[in-house]
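Each chain is listed here by its residues.
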Amino acid sequence: MKRRFLLSCALLLAAVASLPARAALPELHFNNDFNLDYNDIAGPGRAASSLTQGYRYTNQLNANLNGKAGLYDYNFSVGGKATDDKRNDLKVFTLTNLQGRASNGVHSVNLGDTFESFSQYALAASLKGGSYHFAKGGTYLPEATAVFGYAYPRWDNFYGDHVVKVVERQAVGGRLKQKLGPDAWTGASVVRTVDTHRRNSTDPLENATVYTGDWEYHPIPGLTLDGEHSWSNTAESTAQDAETTHFNGNAQRIEAVGDADPSRVSLEFERVSHEYQTLLGAATPDRLKAKAKWRYLATKRITINSGMLWFRDDVDGQKADPTQTWRPELGATVKAIGGRPNAAADFSYRLSRAYGPAMDSADHVFNVGYRDRFADFDSDSNLGYTYYDAARNTKEYTYNTTLGTRRSVGEVVLKPQLAAGGWTSNDELSMVSERIYEFSAGCGVEIPRWKVTADLKLGQNSLDRAGADNTRKFFTDLGVYYRPALPELRRTTIYLRAYTNEFRYTTAARDFRERSVKSGVNIEF
């Protein structure tokens with residue numbers, strides 16, 4: 001089946017390339033990004049670096065063909081990457097994207113990278129496959145979508161060696177969507193997935209069918225009601241030679257959103273049984289959840305945000321130690337403080353209260369932010385405090401501030417900036433403290449006449465922890481970008497990026513320094 005699918009992609013490309021002469025001339029565009037890296041790593045701890053020593057290259061090429069043949073608009077895109085840096089990619093050459101699409105406004109066919117979204121529970125993942133979509137406006141005929149493919153993250157999962165092989169997950173599905181009037185619609189879908197070809201003896205294999213219905217209704221202007229209801233049947237083998245188990249579950253979600261000044265209110269309820277399984281959708285099994293959010297524009301200057309999230313497990317009464325969690329939150333944004341037009345402050349508080357037979361915790365999170373402009377300088381500061389009231393009794397502080405401005409000196413625009421921040425944690429029971437600090441200074445440069453932009457940043461960050469191997473990191477980062485005016489090309493960018501990182505530890509044997517220079521060119525034509 002995989003060979004037939006790859007052959008179909010090749011036939012699609014051949015069909016596009018052999019369009020009849022009477023068709024409008026297609027547009028063909030390319031984008032190519034080539035860069036050459038040089039990395040130098042030194043020091044006794046250089047094995048900890050994420051860089052590859054020496055010269056390495058990466059080239060990414062994308063082609064896009066679009067046009068019109070008869071009543072159909074078509075588009076074909078293909079892209080690939082080549083590199084000799086295994087930290088960048090395990091394969092020397094990788095097919096990164098492949099997609100062909102044709103549509104006449106009623107019938108649409110897609111082959112290759114397929115991104116059909118049925119609903120949250122049913123299908124919210126990309127496939128390497130194909131789809132067909134039918135939608136004829138002005139009639140009572142339902143929209144129809146059919147999809148098939150493989151849930152592979154990479155194209156070379158089809159043909160690559162064992163390094164990139166994964167469990168083969170085939171998928172097929174269909175969806176109908178029917179309008180019930182100008183203010184309502186309903187939909188139904190089914191998605192079937194089948195796992196085969198276990199790569200390791202411990203890989204689980206799952207075969208699942210998910211049946212889903214969803215709907216939306218606008219009873220009055222500013223109010224939207226929507227919901228989703230899903231049922232799953234699953235067969236699972238957790239490992240080679242393991243017995244296959246069968247189970248089924250269900251999930252429901254209902255949401256109401258009211259949006260009319262001065263308020264926006266949303267209410268959501270969700271119930272997902274502990275045996276519900278969706279392999280291509282998104283759901284948290286064993287979850288009963290209620291959520292409410294309210295944004296209120298009290299005045300032109302003051303906005304109040306509040307919310308409440310409650311959830312618990314043990315939906316089907318299968319656990320001996322169920323837990324439930326409450327997370328209320330309250331915040332406010334105040335603008336034009338003290339008559340200053342650029343001054344704004346944010347205040348927020350969130351409580352996370354979780355309890356059950358086996359645990360009891362209450363975490364308090366406070367945060368204050370302030371933005372303003374003093375003369376020609378923009379400032380942005382933030383202060384946070386978190387208290388974990390559980391077995392740890394830990395206090396955490398976060399703090400950061402930036403100060404920047406913009407100056408024109410002749411034809412040159414300078415954008416200097418200073419930044420400082422940190423994080424501190426104090427565990428009252430173990431008497432252990434951790435501290436992270438970072439200080440940096442940078443400057444952006446723009447020379448519009450020469451079509452040059454650049455940025456430079458240097459600084460230091462440190463990690464201090466009692467009884468541990470503390471760290472100091474000194475860093476510099478430089479980027480220069482030049483866009484020459486070349487009439488024959490749509491856009492060209494020549495760039496140079498360089499950075500250095502010097503790591504120093506309490507244990508000198510872990511010290512190392514890394515330097516990296518990347519030069520490249522990005523061309524569109």
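Throughout, residues of each chain are indexed from 1 in the direction in which the sequence is written. Whole-chain, interface and lining totals are the exception, using all residues; otherwise, since this is a predicted model, local features are given only for residues with pLDDT of at least 70 and side-chain atom pairs are given and counted only at 80 or more. Processing note: side-chain calculations cover all non-hydrogen atoms of the structure and skip hydrogens and water entirely.

> An account of the overall build of the protein is requested, with residue identities and associated values reported.
Secondary structure elements follow DSSP: runs of H or I no shorter than four residues count as helices, runs of E no shorter than two count as strands, and numbering proceeds from the N terminus. Regarding its fold elements, the protein presents 1 helix and 27 strands. Seen along its three principal axes, the alpha-carbon backbone of the protein occupies a region of about 65 × 60 × 60 Å. For the exposure calls, accessible area comes from a 1.4 Å probe over protein chains only, and a residue counts as buried if that area is under 20% of its type's maximum, exposed if over 50%, partly exposed in between. Looking at the protein residue by residue over its 525 residues, the buried ones come to 34%. The contact criterion used is simple: two residues touch if any of their non-hydrogen atoms lie within 4.5 Å. When contacts within the protein are restricted to residue pairs at least 6 apart in sequence, long-range pairs at least 24 apart make up 49% of them. Looking at the protein as shown, the accessible area adds up to about 29,300 Å², and 58% of this sits on carbon and sulfur atoms. Here the protein carries 63 positive and 61 negative side-chain charges, and the mean point of each set is 5 Å from the other. Areas reported as accessible are Shrake-Rupley estimates using a 1.4 Å probe. Residue values count occlusion only from the protein chains shown. We treat Lys and Arg as the positive residues and Asp and Glu as the negative residues; His and chain ends play no part in the count. Taken as the charge centre is NZ of Lys, CZ of Arg, CG of Asp or CD of Glu, depending on the residue.

> I'd like a description of the pairing of strand β27 (residues 512–524), backed by residues and values.
A regular strand carries its side chains on alternate faces of the sheet. With 12 bridges connecting them, strand β1 (residues 27–42) and β27 associate as antiparallel partners. Bridging from a neighbouring strand, N32 pairs with I523 of β27. By the convention used here, strands pair only if DSSP detects at least 2 bridges between them. Across 13 bridges, strand β26 (residues 491–505) lies against β27 in antiparallel orientation. Each residue of the ladder has a partner; that of Y499, found in β27, is S516. The antiparallel pairing of β26 with β27 creates a hairpin that spans 6 residues between the two strands.

> How would you sum up the packing of aromatic side chains? Please name residues and give values.
Pairing of aromatic side chains here covers Phe, Tyr and the six-membered ring of Trp, requires ring centres within 6.5 Å, and sorts the geometry by plane angle: under 30 degrees stacked, over 60 edge-to-face, intermediate tilted. All told, the structure shown has 13 aromatic pairs when counted by the stated rule. An angle of 50° between the planes, with centres 6.1 Å apart, marks the rings of W310 and W326 as tilted. Of this pair, W310 sits in strand β15 (residues 302–312) while W326 sits in strand β16 (residues 324–335), and the two are 16 residues apart along the sequence. According to the relative accessible area criterion, W326 is partly exposed, its value standing at 35%. When the centroid spacing of 5.3 Å and the interplanar angle of 45° are considered together, the rings of Y385 and Y397 count as tilted. Of the two residues, Y385 is situated in strand β19 (residues 377–389) and Y397 in strand β20 (residues 394–405); the sequence distance between them amounts to 12 residues. By relative accessible area, which is 25% here, Y385 ends up partly exposed. Among the aromatic residues, those joined into a cluster by ring pairs are Y150, Y152, W155 and F158.

> Give me the lowdown on a nonpolar patch on the surface, citing residues and values where you can.
Any residue with relative accessible area above 30% and no salt bridge may belong to a patch, with like charges joined within 9 Å and the nonpolar Val, Leu, Ile, Met, Phe, Trp and Tyr side chains within 5 Å. Take a side-chain nitrogen of Lys or Arg and a carboxyl oxygen of Asp or Glu: if they are within 4 Å of each other, that pair is a salt bridge. Together, F34, L36, Y38, Y55, L496 and V517 line one region of the surface with nonpolar side chains, adding up to about 520 Å² of accessible area. Considering each element in turn, the nonpolar patch owes the most residues, 3 residues, to β1. Within the element layout of this structure, F34 appears in strand β1.

> Tell me about the nonpolar core, and please be specific about residues and values.
The tendency in soluble globular proteins is for nonpolar side chains to be buried side by side. Among the nonpolar cores identified, the biggest contains 10 residues, and these are L65, A69, Y74, F76, L95, L98, Y150, Y152, W155 and F158. The set of elements that each furnish at least two residues to this core consists of β2 (54–69), β3 (72–83) and β4 (93–103). Side-chain atoms within 4.5 Å link the members of a nonpolar core, which is a set of buried Ala, Val, Leu, Ile, Met, Phe, Trp, Tyr and Cys residues.

> Break down the pairing of strand β5 (residues 107–114) for me, with residues and values.
Burial analysis of β5 places 6 of its 8 residues in the buried class, the great majority of the element. In this sheet, strand β6 (residues 127–134) lies alongside β5 in antiparallel orientation, the contact comprising 8 bridges. Following the sheet pairing, V109 is matched in β6 by Y132.

> I'd love a proper account of the pattern of salt bridges, names of residues and values included.
One pass over the structure, following the stated rule, counts 31 salt bridges. Ionic pairing is found between K518 and D37, a salt bridge with its closest N-O pair at 3.0 Å. Placement of the pair is K518 in strand β27 and D37 in strand β1, with a sequence separation of 481 residues. Of the residues examined, K518 reaches a relative accessible area of 22% and is grouped as partly exposed. Given the relative accessible area of 11%, D37 is considered buried. The partner of D226 in a salt bridge is R253, with the nearest N and O atoms 3.1 Å apart. Within this pair, whereas D226 is found in strand β11 (residues 223–237), its partner R253 is found in strand β12 (residues 245–260), the two being separated by 27 residues in sequence.

> Go over the side chain of S462, please, and point to the residues and values.
Take S462: it is sitting in strand β24 (residues 452–465). Residue S462 is classed as buried on the basis of its relative accessible area, which comes to 8%. With residues near it in sequence (within four places) discarded, S462 still touches R435, I436, Y437, T471 and R472.

> Tell me what's going on with the confidence of the model for the protein, and back it up with residues and numbers.
Within the protein, residue pLDDT values average 92, and 94% of them lie at 70 or more. Values of pLDDT, the confidence the predictor places in each residue, fall between 0 and 100. Long-range and interchain partners of residues 16–22, a stretch whose pLDDT sits below 50, account for 4 contacts in this model, where long-range means more than four residues apart.

> Quick one: what's the story with the environment of D286, residue by residue and with numbers?
Its place among the elements puts D286 in the loop between β13 (263–272) and β14 (287–297). The spatial distance from the C-alpha of D286 to the C-alpha of Y276 is 7.9 Å, given a sequence separation of 10 residues. Every residue in contact with D286, bar those within four places of it in the chain, is listed here: V272, S273, H274, R312, D313, D314, V315, D316, Q318 and K319. For this analysis, a polar contact is any N or O atom pair within 3.5 Å, provided that within protein one partner can donate a hydrogen and the other can accept it, and provided that sequence-adjacent residues contribute only side-chain to side-chain pairs. At 2.8 Å, the side chain of D286 and the backbone nitrogen of V315 are in polar contact.

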